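Chain by chain, the residues:
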Amino acid sequence: MTIRVVVADDQELVRSGFAMILSAQPDIEVVAEAGDGAEAVAAVRRHAPDVVLLDIRMPRMDGIEAARAICAESGCKAVMLTTFDQDDYVYEALHAGASGFLLKDVRRDDLVHAVRVVVAGDSLLAPSVARRLVADFTSRGQAAATTAGHVLGALTARERETLVLLGRGLSNAEIAAELVVSEHTVKTHVSNVLSKLGLRDRIQAVICAYETGLIAPGG
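## Quick word on the pattern of salt bridges
A full pass over the atoms with the stated rule returns 10 salt bridges. The shortest N-O distance in the salt bridge between Glu29 and Arg4 comes to 4.0 Å. Within this pair, whereas Glu29 is found in strand S2 (residues 28–34), its partner Arg4 is found in strand S1 (residues 3–8), the two being separated by 25 residues in sequence. Exposure remark for Glu29: the relative accessible area of 37% places this residue in the partly exposed category. Arg107 is paired through a salt bridge with Asp110; the nearest N and O atoms lie 3.3 Å apart. For Asp110, a relative accessible area of 35% corresponds to the partly exposed category. Three or more residues are tied together by salt bridges with common partners; here these are Asp9, Asp55 and Lys104.

## So, the nonpolar core
One finds Val52, Leu54, Ile70, Met80, Leu94 and Phe101 to be the most contacted residues of the largest nonpolar core, which totals 30 residues. For this core, the element with the most residues is helix H3 (residues 63–73), which contributes 5 residues. Setting aside its immediate chain neighbours within four residues, Met80 contacts Leu54, Ile56, Gly63, Ile64, Ala67, Ala93, Ala98, Gly100, Phe101 and Leu102. Leu166, Val190, Leu194 and Tyr210 belong to the second largest nonpolar core, which has 22 residues in total.

## Structural notes on the packing of helix H9 (residues 172–179) against helix H10 (residues 183–197)
Two elements in contact, H9 and H10, have axes separated by 9 Å at closest approach and are oriented at 105 degrees. Here H9 lies roughly perpendicular to H10, going by the angle between them. On the side of H9, the interface is formed by Asn172, Ala173, Ile175 and Ala176, while H10 contributes Glu183, Val186, Lys187 and Val190.

## Examining helix H1 (residues 12–23)
The first and last C-alpha atoms of H1 sit 16 Å apart over 12 residues, in line with the 16 Å expected at 1.5 Å per residue. Those residues of H1 that are buried are in contact with S1, S2, strand S3 (51–55), strand S4 (77–82) and helix H5 (108–119).

## Focus: the side chain of Glu159
Within the secondary structure layout, Glu159 lies in helix H8 (residues 157–167). In terms of polar contacts, Glu159 uses its side chain to reach the backbone amide nitrogen of Thr156, at 2.9 Å. With residues up to four places along the chain from it excluded, the contact list for Glu159 reads Ala154, His189, Asn192, Val193 and Lys196.

The rules behind each value
- Residues numbered from 1 in each chain as written.
- Predicted model: local features only at pLDDT ≥ 70, side-chain atom pairs only at ≥ 80, totals over all residues.
- Heavy atoms only, no water.
- Salt bridge = Lys/Arg side-chain N within 4 Å of Asp/Glu carboxyl O.
- Helix = DSSP H or I, 4+ residues; strand = E, 2+ residues; numbered from the N terminus.
- Buried < 20%, exposed > 50% of the residue type's maximum accessible area, 1.4 Å probe, protein only.
- Core = buried A, V, L, I, M, F, W, Y, C linked by side-chain atoms within 4.5 Å.
- Contact = heavy atoms within 4.5 Å.
- Axes fitted to C-alpha atoms, helices over the stretch in contact; angles between N-to-C directions.
- Parallel < 35°, antiparallel > 145°, perpendicular 65-115°, else oblique.
- Expected span 1.5 Å × (residues − 1).
- Polar contact = N/O pair within 3.5 Å; in protein donor to acceptor, adjacent residues only side chain to side chain.

This is how it looks when you write it as structure tokens:
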């Protein structure tokens, strides 16, 4: 299967560089480039790609607003491009539906790997970004734990355990070892958690684990 990608960044050199790297892969096709968020949304509507790379800071429409529009109306996975030390929008971007983050100085191999990872439905949340997410959560003083019983009531005990481990950033293999089950069983649990809670991917599962109080920041 060929992975179809749209690359959106207002810096032409960055945009064309990413597009060149991805286009060199036999299983990836860059179907369009965009210079701002509005162009990115239009390109996704026109080409129906599997993944869109979105710079957070763009003119006319920023990456977060574009991700919100794209994720609301399509199954395209949005990956945010960020300088990270300057961008303080992790929480908003993930809530908009983004499937992960890449630093703008990402290595060639990591860029290619990231595109394949999000298409496979896995998370793309580096530990440094996870720490920022938790910090954002804490600073906002979220109190969604009061609704935990209602939100999580549809899950079995094992699915709740799986959600906790997802929230801690564990891979399927690590969850399997923790629960002493097969990876196939873990995949089933993860699929059930996402389906029952109406979550797009593992990153939204991380958010859910914190927002429902299933995991406490620092816990």
